[in-house]
Amino acid sequence: MVAVRFLFLLLSLYVLLLMDSSTAQLPGFVSVDCGGNENFTDEIGLNWSPDSYILIGKTANISVANETRKQYKTLRYFPADNNKYCYTLSVVPRTRYLVRATFLYGDFDSNNVYPKFDISFGPTRWSTIVISDAGTIESQELIFLAADPTVSVCLSNATTGQPFISTLELRQFNGSIYSIIVVFFSSLSMLFINGSVQELRQQIYLVFAGSLLASVTAANSLAEWANEGGDPCLPAPWSWVQCSSDLQPRITSIKLSGKNLTGTIPVEFTKLDGLVELWLDNNSLSGSIPDFSGCPNLKKIHLEDNKLTGGLPSSLADLSNLRELYVQNNLLSGKVPPGLLNKDLVFNYTGNTGLRNEGNGGKHKGVVIGLSVGAAVLLLIAAIISFLIMSKRKKNSSKQGKFQHGFHAQKLTSSLSDTATEAAHYFPLFEIEEATKNFEKKIGSGGFGVVYYGILKDGREIAVKILTNDSFQGKREFSNEVSLLSRIHHRNLVQFLGYCQEDGKSILVYEFMHNGTLKEHLYGPLTHGRVINWIKRLEIAEDSAKGIEYLHTGCVPSIIHRDLKTSNILLDKNTRAKVSDFGLSKLAVDGASHVSSIVRGTVGYLDPEYYISQQLTDKSDVYSFGVILLELISGQEAISNENFGSNCRNIVQWAKLHIESGDIQGIIDPSLHDYDIQSMWKIAEKALMCVQPHGSMRPSISEVIKEIQDALAIEKGAENVREASSDEISRHSVHSSLNLGSLDIGASEHYLSIDDDSIAGPIAR
């Protein structure tokens, strides 16, 4: 890097010697005054322009002794989070440039904590900026050959303080200047040892992998999300993009829900062969659905709530990995391809008046004819049955006045959208009373009400939650809740089956989860002789995190759980984890709530920032999930008066002391000591990041999922080694011990248990 700095000085000196001040500004010279607010010409004739076009970050004025140059009177700084912040500069392809960035701290944030952060050139890591003195200018220079019309310089990954930049300069090598510099550089490179030359070559390397997404960002240039710049994946992905962890990463997820997109679906998306999830719902996209055959890995396609026209491409049925297809509430027409109807996937195409299901061919026509011929008979039978049912209910004095289904459904419908009421099933009160045997078996209670076990006439087992009177402020709020729940579907969220609102009761009906709560399996009544092994704990963590990720990124508007804890993570017959009580959460809509504004968090899990700001964000759920990860590693409760020593009641404080001192063995559940320590370290370190005191310092739930998956890969690899070294009997024994689902935990007698909230959470004032 010394040679590059000397090269920059040589170029500047050459300009000063051969040009007067009026001609110092050569073509291809760009000088950006970061944080500035006006154009100006400096003392040597270089033209400086402000970076006011940057939509993110904040500006600051500084004053440093003996520094009088105007470009160093201001700077631009960015949040200390996991995102990257980029400057994009126009260049001429196949032309050599020198780029220079400078950093003068000047204690702009009044913290006197010297920042340390990374700077990258496109997807290539450039350097780590380490500030050691508030009044000293740090600088980095780089020579590159432009391969595209633009280049990006990005700041990211702050270790301490906040990333910032003072100036950014671009110098094009032209004519005689270029010849002199190249001759000098060729000679000077011989002075380097091999390692330094190799490092320099790596720094000159430049690729811009985001060309496929350029049309999308260009069409939405006024939106903040479209101005993140740099490579979509490296060194940190864009906020609406997820990438694989390969050395040459591929884009795996695009999430642009509710971004006010217009026009057609960008055809560039169909060329991303690594794409797994595409979220374009809740926009104003028009035109037809393109052919996604070029994305063979697609699992989830969300195009609902747009203005799409035309038919459903039959090629969608050829996507072998497709598991979710949402196209409801568009303007689609034609026939639903039979191949889609025969696939094993979640498929919603309602709300498209011109789209018809003719998957059954002649059989479908026969049904229509049969219905037409027998319409009168069916109406007559329905009338007789209705009369008999109503007469029977009138004779039952205990249920007089209770069956108001028609009345309540009509009132509720007025408060819900057509889609919501169409999806939300109504259970009459008498049916719920029969299923629960008049609420005979109480299986749990919590801050929102009491839960009872029931069996419907069709054999389905259900959990019936009778909400407390103060859970919602009235029928309108309950209607909003039903509307919300009816739109949420994910394999890692407890399924909402329907509702009832009669006789002064507000009731929600859910699927029954046979294996109870995670809390019970970690340190409750189900722990005796039935220890959950480490791989199963990681799988439970992954399942739960995916449920939370869907609430945060897959719902529009996004949903904050607000009370995530081990008693709200339930296990089904196959010990797959699902998150519960998510529907009793605060909707995140610009900080406002369309449901309850009461915070019902639980001590030990509640975001410490709430006590200061009185607000909860998606990073509040990340904090709670970090606590759960610590519980999974240690087998300890979040709060204890006995297990953490005389001066500590909180698992976060206790675990932090051990992990930061390198003593992870001190927190590991004794039953897990036979497993790979590396995977536990990964989860422990990620858990500590989740429970950072400030939300901006915490990762997203998507980043947490990746870490869990990496830990699972490590542990399963170690498991394969252990199995390979044992005989057939040992392998069978190990397999049995790892398969928690094979344990007999009395599914017929064990009912869902919901935390009785023995530790009451704080209430918003």
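Computed from a prediction, not measured in an experiment: that's the story for all the values here. (Residues numbered from 1 in each chain as written. Predicted model: local features only at pLDDT ≥ 70, side-chain atom pairs only at ≥ 80, totals over all residues. Heavy atoms only, no water.)

Participant: Would you mind showing me how to read the sheet that holds strand β12 (residues 164-165) here?
Facilitator: The strands making up a sheet associate through hydrogen bonds between their backbones, and the pairing can be parallel or antiparallel. The 3 strands lie next to each other as β4-β5-β12, forming an open sheet whose pairing is antiparallel. Strand pairing shows two members of the sheet lacking a second neighbour, β4 (58-61) and β12, which therefore form its edges. Relative to β12, strand β5 (residues 74-77) runs antiparallel, the two being bridged by 2 bridges. From the neighbouring strand, R76 faces β12, where its bridge partner is I165. (Pairing = 2+ DSSP bridges. Helix = DSSP H or I, 4+ residues; strand = E, 2+ residues; numbered from the N terminus.)

Participant: What is the right way to look at the pairing of strand β11 (residues 150-160) in this model?
Facilitator: Remark: a regular strand shows side chains that alternate across the two faces of the sheet. Where strand β6 (residues 84-90) and β11 come together, 7 bridges link them in antiparallel fashion. Note on β11: the bridge partner recorded for S90 is T150. As defined by bridge partners, strand β8 (residues 116-121) adjoins β11 across 5 bridges and the pair is classed as antiparallel. Within β11, the residue paired with D118 across the bridge is S156.

Participant: What should I look at first to understand the pattern of salt bridges in this one?
Facilitator: Opposite charge on two side chains permits pairing when their charged atoms draw close. If you walk through the whole model with that rule in mind, you get 23 salt bridges. The partner of R171 in a salt bridge is E169, and the shortest N-O contact between them spans 2.6 Å. Judged by relative accessible area, which is 4%, R171 ranks as buried. For E542, the salt bridge goes to K546, with nearest N and O atoms at 3.3 Å. One end of the pair is E542 and the other is K546, both in helix α13 (residues 534-554) and 4 residues apart, which spans about a single turn. The buried category is assigned to E542, whose relative accessible area is 14%. (Salt bridge = Lys/Arg side-chain N within 4 Å of Asp/Glu carboxyl O. Buried < 20%, exposed > 50% of the residue type's maximum accessible area, 1.4 Å probe, protein only.)

Participant: Would you mind going over the packing of α13 against helix α15 (residues 618-634) with me for this structure?
Facilitator: The axes of two packed helices give the description: the angle between them and the distance between them. The contact between α13 and α15 brings their axes to 11 Å, and the two run at 170°. One way to sum up the angle between α13 and α15 is to call them roughly antiparallel. Residues W534, R537, A541, S544, A545, I548 and H552 of α13 form the contact with α15, whose own contacting residues are D618, D621, F625, L629, L632 and I633. Residue composition of the contact of α13 with α15, by class: 8 nonpolar, 2 polar and 3 charged. (Axes fitted to C-alpha atoms, helices over the stretch in contact; angles between N-to-C directions. Parallel < 35°, antiparallel > 145°, perpendicular 65-115°, else oblique. Contact = heavy atoms within 4.5 Å. Nonpolar A, V, L, I, M, F, W, Y, C, P; charged D, E, K, R; others polar.)

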